[in-house]
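If you want the building blocks of each chain, they are given just below.
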Amino acid sequence: RRTEKRMAQFTKQAIINSFLKLLEEMPLDKITVKDIVEDCGVNRNTFYYYYHDVYALLEELFSDEIRRAMEEEHRGYETWQQGFLESLQFVMENKKIIEHIYHSISREQLEQYLYDVTDDILVQFVRTQTGELTVREETIRFVASIYKFALVGMILEWIRDGMKSELLEIIDRVGYLFEGVTRQILEKSLDK
């Protein structure tokens, strides 16, 4: 039984590795199941045993990365920027893949991935800014959402522009703005 499980993990990893290799070479919407199975040496039925289609494979890939990012998030970074950059490790290490996904018909999966890895990090950041203020959870989440949409929007623009500038510079600039106004926003929310 253990051997079967390892074999299944090995097969899935082979499929994922071939998918990533192909994504390095071509846009997502040009990759077919046939391309993947030919590259990794499994048959189509094996692919369909694990994945409904190429987009299901992409969804699982992002889900795995989100899970990894959430596990790492709980390591306790000094700043939200550190946690955010660590969460985007997959993006930073696979720029060509991200570019090919971004320019495909399935860009919404990439956007959702970015929203998901950003959400908890920013909620935690806003919580740290409350200090002695008694702020409702919905207000904390609302402020974090505003930051999330701004930050993900900037990341998507960075990807669209070819990821030429340093992501760290963008994150630092955004961080400087967030830290400068978050407390004021939370204090104003007490009036409502």
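Throughout this document, residue positions are counted from 1 along each chain, in the order its sequence is written. Owing to the predicted nature of the model, reporting of local features is limited to residues with pLDDT of at least 70; listing and counting of side-chain atom pairs is limited to 80 or more, with chain, interface and lining totals taken over all residues. No hydrogens and no water enter the side-chain calculation; it runs on all heavy atoms of the structure.

**Focus: the overall build of the chain**
Move 1: Within the chain, the secondary structure is distributed over ten helices and zero strands.
Move 2: Counting helices and strands in the order they occur from the N terminus, the chain gives α-α-α-α-α-α-α-α-α-α.
Move 3: Summarising its shape, the C-alpha atoms of the chain cover approximately 60 × 40 × 25 Å along the three principal directions.
Move 4: Split into buried and exposed, the 192 residues of the chain put 43% on the buried side.
Move 5: Note on definitions: a residue-residue contact is assigned when non-hydrogen atoms from the two residues lie within 4.5 Å. Here the contacts in the chain between residues at least 6 apart in sequence split such that 68% fall between residues at least 24 apart.
Move 6: Positive charges come from Lys and Arg alone, negative charges from Asp and Glu alone, with His and the N- and C-terminal ends not counted. Here the site of a charge means NZ on Lys, CZ on Arg, CG on Asp, or CD on Glu. Here the chain contributes 25 positively and 35 negatively charged side chains, and the mean placements of these two sets differ by 3 Å. Helix numbering and strand numbering both begin at the N terminus, where a helix is a DSSP run of H or I of at least 4 residues and a strand a DSSP run of E of at least 2. The classification of residues rests on relative accessible area computed with a 1.4 Å probe and restricted to protein chains. Under 20% of the type maximum is buried, over 50% is exposed, and intermediate values are partly exposed.

**Quick notes on the packing of helix 1 (residues 2-25) against helix 2 (residues 33-40)**
Move 1: Where helix 1 contacts helix 2, the axes come no closer than 9 Å and their chain directions differ by 115°. Here helix 1 is positioned roughly perpendicular relative to helix 2, judged by the angle of their axes. Our pair here, helix 1 against helix 2, has a crossing hand that is right-handed. Two secondary-structure elements touch here, helix 1 through A14, I15, S18, F19, K21 and L22 and helix 2 through D35, I36, D39 and C40.
Move 2: Counted by class, the contact of helix 1 with helix 2 contains six nonpolar, one polar and three charged residues. Axis definition: a line fitted to C-alpha atoms, limited for helices to the stretch in contact. Angles are taken between N-to-C directions and run from 0 to 180 degrees. Angle categories: roughly parallel below 35 degrees, roughly antiparallel above 145, roughly perpendicular from 65 to 115, and oblique for all the rest. Handedness of each helix crossing follows the sense of rotation of the near helix against the far helix: counterclockwise by less than a right angle gives left-handed, clockwise gives right-handed. Any residue outside Ala, Val, Leu, Ile, Met, Phe, Trp, Tyr, Cys, Pro, Asp, Glu, Lys and Arg is labelled polar, Gly included; the first ten of those are nonpolar and the last four are charged.

**Remarks on the layout of surface pockets**
Move 1: As a volume, the second largest pocket reaches approximately 240 Å³.
Move 2: The definitions used throughout rest on a 1 Å grid laid over the protein atoms alone, on which a cavity is an enclosed set of points accommodating a 1.4 Å probe that cannot get out and a pocket is an open set flanked by protein within 12 Å on both sides along at least five of seven lines; lining residues are those having an atom within 4 Å of a point. The wall of the second largest pocket is formed by M154, E157, W158, D161, K164, S165, E166, E169, I170, R173, V174 and L177.
Move 3: Sorting the residues of the lining of the second largest pocket by element identifies helix 9 (137-160) and helix 10 (167-189) as the ones contributing at least two each.
Move 4: The biggest single contributor to the lining of the second largest pocket is helix 10, with five residues.
Move 5: In terms of residue class, the lining of the second largest pocket is made up of five nonpolar, one polar and six charged. Grid points are joined across faces, edges and corners, and a volume is the space filled by probe spheres set on the points.

**Comments concerning the side chain of S189**
Move 1: Examined against the element boundaries, S189 turns out to sit in helix 10.
Move 2: Among the polar contacts made by the side chain of S189, one reaches the main-chain carbonyl oxygen of L186 at a distance of 2.6 Å.
Move 3: In this structure S189 touches V135 and T139, once residues within four positions along its chain are discounted. Under the rule applied, a polar contact is a pair of N or O atoms within 3.5 Å (in protein, one hydrogen donor and one hydrogen acceptor; residues adjacent in sequence only if both atoms are side-chain atoms).

**Some details on the packing of aromatic side chains**
Move 1: Two aromatic rings from Phe, Tyr or Trp, using only the six-membered ring of Trp, form a pair when their centres are within 6.5 Å; if the ring planes differ by under 30 degrees the pair is stacked, by over 60 it is edge-to-face, and anything between is tilted. Taken as a whole, this structure holds twelve aromatic pairs when the rule is applied.
Move 2: Site record: aromatic cluster; members linked through ring pairs are F47, Y48, Y49, Y50 and Y51.
Move 3: Counted as over-ring charges are cases with an Arg CZ or a Lys NZ within 6 Å of the ring centre that also lie within 35 degrees of the ring normal. It is R107 that lies over the ring of Y102; its NZ or CZ is 4.4 Å from the centre.
Move 4: Of note, K148 hangs over the ring of F149, and the distance from its end group to the ring centre comes to 5.2 Å.

**A short note on the nonpolar core**
Move 1: Among buried residues, those of type Ala, Val, Leu, Ile, Met, Phe, Trp, Tyr and Cys that are joined through side-chain atoms within 4.5 Å constitute a nonpolar core. Of all hydrophobic cores here, the largest spans 60 residues; its most connected members are F19, W80 and L114.
Move 2: For this core, the element with the highest residue contribution is helix 9, accounting for ten residues.
Move 3: F19 has contacts with L28, I31, I36, V54, L57, L58 and L61, leaving out every residue within four places of it along the chain.

**A few points about unusual backbone geometry**
Move 1: Even without a glycine there, the phi angle at M163 is positive, about 55°.
Move 2: Locating M163 in the fold gives a position in the loop between helix 9 and helix 10.
Move 3: For M163, a relative accessible area of 4% puts it in the buried group.

**Remarks on the packing of helix 5 (residues 80-87) against helix 8 (residues 107-129)**
A packed helix pair is summarised by two numbers, namely the angle formed by the two axes and the spacing between the axes.
Move 1: Following both chains from N to C, one finds helix 5 and helix 8 inclined at 160°, their axes separated by 10 Å at the closest point. It follows from the interaxial angle that helix 5 and helix 8 lie roughly antiparallel. Relative to helix 8, the crossing made by helix 5 is right-handed. Judged by residue contacts, W80, G83, F84 and S87 of helix 5 engage Y113, V117, T118, I121, L122 and F125 from helix 8.
Move 2: Among the residues forming the contact of helix 5 with helix 8, the class breakdown is seven nonpolar, three polar and no charged.

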